[in-house]
Amino acid sequence: MSVTLAAGVTLIDFLNKSLETLKLVQQDNPDSSELQLHLATLTQQLSLTMVEAAQLQGILAQKNEEIRQLTQRLSEQTNIKYDTKSEVYWAEGDESPYCPKCYENDKKLIHLNYNSMVWDEPAPHHACCVCEREFWKTCN
């Protein structure tokens, strides 16, 4: 991240210096061959700088997305607590538990489905639609 920031600062500094040089060059004699050479060099440097700046912008967008995803995952993890009685994970303020197998093995927060009946008999429990595991201690 610091490399990207340093490169960005360098690019901005270079752009400012290039613009100052262009202002000075514009005051010179327009027929001067030296002036034409400086203008061509500055134009090339500015176009390369624009390409580098666009690449940095893409890197910055990727980093921002990574930060957003990691922040979201961290927030989810701090709100998820394992309950040893029900043997599932619960989130604060959420009435539906999460599958411990899916969470611990794949880091996926999969809500469990509530089932009230089994073979036409009352048997309240939760089940995971991904790993198909059933949890009978969640409805006590």
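Here goes a summary of the coordinates provided. (Residues numbered from 1 in each chain as written. Predicted model: local features only at pLDDT ≥ 70, side-chain atom pairs only at ≥ 80, totals over all residues. Heavy atoms only, no water.)

Here's the deal with the overall build of the protein
What counts, and what does not: Secondary structure counts use DSSP, requiring at least four H or I residues in a row for a helix and at least two E residues in a row for a strand, with both numbered from the N terminus. Put simply, the radius of gyration uses C-alpha atoms, and a globule should come to 2.2 Å times the residue count raised to 0.38. Between buried and exposed lies partly exposed: a residue is buried under 20% and exposed over 50% of the maximum accessible area for its type, with that area taken using a 1.4 Å probe on protein chains only. The criterion used for residue contact is that any of the two residues' heavy atoms lie within 4.5 Å. Values of accessible area rely on a 1.4 Å probe in the Shrake-Rupley scheme; residue burial ignores everything except the protein chains shown.
Counting secondary structure elements, the protein contains 3 helices and 5 strands. Counting from the amino terminus, helix and strand elements in the protein follow one another as α-α-β-β-α-β-β-β. Against the 2.2 N^0.38 benchmark of 14 Å for 140 residues, the protein shows a C-alpha radius of gyration of 30 Å, more extended than a compact globule. For the C-alpha atoms alone, the extent of the protein along its principal axes is close to 95 × 25 × 20 Å. The buried share of the protein, taken over its 140 residues, is 22%. The long-range share in the protein, meaning contacts at least 24 apart out of those at least 6 apart in sequence, stands at 30%. When the accessible surface of the protein is totalled, it reaches about 10,600 Å², and 55% of it is carbon and sulfur.

Let's talk about the packing of aromatic side chains
Which entries qualify depends on this criterion: Stacked, edge-to-face and tilted labels apply to pairs of Phe, Tyr and Trp rings (six-membered ring for Trp) whose centres lie within 6.5 Å, assigned for plane angles under 30 degrees, over 60, and everything in between, in that order.
Counted by the stated rule, this structure contains 2 aromatic pairs. Put simply, the rings of Y82, Y89 and Y103 touch in pairs and so form one group of aromatic residues.

Examining the sheet that holds strand β3 (residues 113-118)
Keep this limit in mind: Criterion used throughout: strands pair if DSSP finds at least two bridges between them.
An order of β3-β4-β5 is seen for the 3 strands of this open sheet, with the pairing classed as antiparallel. Looking at which strands have only one partner, the edges of the open sheet turn out to be β3 and β5 (134-135). With 5 bridges joining them, β3 and strand β4 (residues 121-127) adopt antiparallel strand pairing. Paired with V118 across the two strands is E121, which belongs to β4.

As for the pairing of strand β1 (residues 80-83)
Note: β1 against strand β2 (residues 88-91), 4 bridges, orientation antiparallel. In the strand pairing of β2, K81 is matched with W90.

Some details on the pattern of salt bridges
Pairing is possible between side chains that carry opposite charge, provided their charged atoms lie close to one another. Let me state the cut-off plainly: Within this document, salt bridges are pairs made up of a side-chain nitrogen of Lys or Arg and a carboxyl oxygen of Asp or Glu, the two lying within 4 Å of each other.
As enumerated under the stated definition, the model contains 2 salt bridges in all. A salt bridge links R68 to E65; the nearest nitrogen and oxygen atoms lie 2.6 Å apart. Here R68 and its partner E65 are both found in helix α2 (residues 33-79), 3 residues apart, which amounts to about one turn of the helix.

Some points on the side chain of H126
Threshold: Between N or O atoms, a polar contact is any pair within 3.5 Å; within protein, one atom must be a potential hydrogen donor and the other a potential acceptor, and residues adjacent in sequence are included only when both atoms are from side chains.
Inspection of the secondary structure assignment puts H126 in strand β4. A polar side-chain atom of H126 sits 2.5 Å from a polar atom in the side chain of T138. If we ignore the near neighbours within four places in the chain, the residues touching H126 are P97, L112, N113, Y114, R133, E134, F135, T138 and C139.

A look at unusual backbone geometry
Despite not being glycine, E87 shows a phi value in the positive range, around 60 degrees. Position of E87 among the secondary structure elements: in the loop between β1 and β2. Its identity is not glycine, yet E132 carries a phi of approximately 65 degrees, on the positive side. One can find E132 in the loop between β4 and β5. The class of E132 is exposed, set by a relative accessible area of 65%.

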